[in-house]
Amino acid sequence: MIDRLFQARTMLTDAGENNPAPVAVVGLDQASLDSERLSPIPRVLMTPVLAEAGQAILDAGAVALGFDFVFAYSADSFADPSTGEARLSGFDRPFQAFVYRNRGRIFIAHTEIGVPHRSFSAAIGEGGVRSVIVSTDIDGVVRQHTPETPLNDSDHLIDALLGVAGSDVSEAYTAIPTSRLATSLPYFSLIDVLTLKQNEEGRQQLKEFANGRIVLLGGLLPFEDEHLYSDRFLPATADDNAETGPGGRPRVQPQTAGVFILADLIGSALSGRTAIAPPAGVLSVIAALFAVIGAVVGLFLPLVVLPVAAVLGTLAGLFLSLVGLELGILLSPGVAPVSCVGAMVISAVGKVIVLQRRQRSLVRLFGHYLAPDVIKHMARSEQLPELGGDTRHVVVAFIDIVGFTKMSEKLADQDVVRVVNACFDAIGQSITKHQGYIDKYIGDAIMAVWNAPNTVENPEKAAVDAAHEIINLLDHIRQITDQQELDLRIALNAGPVLVGDIGGEHRRSFTVMGTTVNTASRIESVAKDKKVRLAISQSVADGLPKSYPLSEIWTGQLRGLSTDLSVYTLDVAEIYMESAPKDAERQSGQESSNLVEFPR
């Protein structure tokens, strides 16, 4: 992410350097090796050429010269295999003399596995051989350098050249590149130097290139000594703006040549184009601050806007890192965004869990007052249903406590409430067990509905089964209420009703309405007259299985209705309130043959 931060800085600001670069590079590139002068010479035998080019660079005013070559072999030790004659004896003497004359201004390289030949080490003297090893971050990218002080005594080539230039850098720093190094650093090919030194005009061009600068000379062949560097996402510098010799530049490789990296690590320190780590604790404070912001946002903003908030938090963290770069402080660009978004996600997930638990609690609590399906629908939609409703086929039941008025005259108010609650609790459990919904309590009666608001596959059967179970609970209800005279009367009717909300914006009720409801309440009067605990309409009877022992107890017009209606009951003993003799028709063998035992 640091490399992307450098890319963003380049895109958003004028990040290019206005001052001349303090470090230049001379490369042994393919153009040099293919030139007429150098093509016959093996690379291992180029020390006289390097001495000639190096002296020309120093004569042009270079502050110091660093060779990114190890010089592990000396031509003086090569012998003719057939005769043993040392035919190249003295071949390296020009280079040895060159480095000897310029001790303190010239440095040659060593690596972990390569050291200069002893003849070159002796010629350049103590302190002339320095390490060109660069360190990488955990992701394998070179970004920073940790100097060893005092710089002149350090083993690193970078420190030695910084010391010659008079730098006082003493703490670890990260270089901030502004473009691809291969396109932006001042660059001459080795053959350019050798050619330009031949005439006055060329020497003047060399002076403009090298004067006052540190010059590094190294190999630039493709795929030799290359590393991932933090310039990898940066734009290339246009050819017109790049300081380049007549031979041009080698092509840009996916990775960056080691000599370019050395040059940028030196040049960034000399030009102030660096960032250091923040003081201890600063990143922790930033992470905590953004985590608090993310947590607050996740808790209090709607879930739908959190993606936008996450983007804004990421941009804010990036902006903070960019400000830090301008101040010379490298604030890791991932700390603030990760803290903000991470806390936002955690708090949002926590909020969702809490809301879900609260929703379940509300459904459970308000399920005692409203249908759970209605509450769940409102919780999902986060709004009240529209007033009005839909027409559905339902079974409506009126369940009345018989003898309640007499009972209430004998009991204290608290005992009346206790008895009613005990009755309603026992009856309500059976209603719910058989998929019914308690619409309302009407004094000492219950109005229940099957197939609204939930869906019941066979509401007639479910309602009759619930009614029969409730009647069988009568002895239990008398026992828990200590009211032996207490009895029940249930009326059932099936038909279309309007299911939905009635009322206004400030007060409303979920219920069912229509003729079916009114008819059910009228049927209860038939049950009273016929002294049965259960009376069901023709529409309910038609929806029951054939095995149910139905018996018609009344036919006629109910009050308020214009058509005849047949009312039935279950012909089982517990349904009858009194042991009255049955009418002649029911006692006939013909009628009895149509009855079957009611399933218990």
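Residues numbered from 1 in each chain as written. Predicted model: local features only at pLDDT ≥ 70, side-chain atom pairs only at ≥ 80, totals over all residues. Heavy atoms only, no water.

1. Focus on the pairing of strand β14 (residues 436-442)
In this sheet, strand β15 (residues 445-450) lies alongside β14 in antiparallel orientation, the contact comprising six bridges. When the sheet's bridge partners are listed, Ile438 is paired in β15 with Ala448. Here β14 folds back onto β15 in antiparallel fashion, the turn holding two residues, of which Gly443 has a positive phi close to 65 degrees. (Pairing = 2+ DSSP bridges. Helix = DSSP H or I, 4+ residues; strand = E, 2+ residues; numbered from the N terminus.)

2. Quick word on unusual backbone geometry
For residues other than glycine, phi is negative in most cases, and the peptide bonds are mostly trans. The omega angle of the peptide bond from Thr149 to Pro150 is -5 degrees, so this bond is cis rather than trans. Examined against the element boundaries, Pro150 turns out to sit in the loop between β6 (144-145) and α6 (157-164). Here Ala452 and Pro453 are connected by a cis peptide whose omega angle stands at -5 degrees. In this structure, Pro453 sits in the loop between β15 and α17 (459-472). With a phi close to 70 degrees, Phe223 is a non-glycine residue in the positive phi region. Along the chain, Phe223 falls in the loop between β9 (214-219) and β10 (226-229). Of note in the backbone geometry, Asp225 takes a positive phi value of approximately 50 degrees without being a glycine.

3. Remarks on the environment of Arg4
Structurally, the position occupied by Arg4 is in helix α1 (residues 2-12). The exposure class assigned to Arg4 is partly exposed, which follows from its relative accessible area of 46%. Here the side chain of Arg4 touches Gln7 through a polar contact of 2.8 Å, side chain to side chain. (Buried < 20%, exposed > 50% of the residue type's maximum accessible area, 1.4 Å probe, protein only. Polar contact = N/O pair within 3.5 Å; in protein donor to acceptor, adjacent residues only side chain to side chain.)

4. What about the sheet that holds β9?
Sheet architecture is open: six strands sit in the order β4-β3-β2-β9-β1-β8, paired in parallel fashion. Since the sheet does not close on itself, it has two edges, and those belong to β4 (129-131) and β8 (187-189), each with one partner. Averaged over neighbouring strand pairs, the angle between their axes works out to 25 degrees when direction is ignored. Helix α3 (residues 47-59) rests against β1 (23-28), β2 (64-68), β3 (106-110) and β9 of the sheet, and its axis sits at about 150 degrees to β2. In the packing of α6 onto the sheet, the strands contacted are β2, β3, β4 and β9, and the crossing angle to β2 comes to about 170 degrees. (Axes fitted to C-alpha atoms, helices over the stretch in contact; angles between N-to-C directions. Contact = heavy atoms within 4.5 Å.)

5. A look at the environment of Leu157
Note on placement: Leu157 falls in helix α6. Classification of Leu157 as buried rests on a relative accessible area of 1%. On a C-alpha basis, the gap between Leu157 and Val132 in space is 5.8 Å, while along the polypeptide they are 25 residues apart. The contacts of Leu157, once residues within four sequence positions are left out, are Gly66, Phe67, Phe107, Arg130, Ser131, Val132, Leu216 and Leu262.

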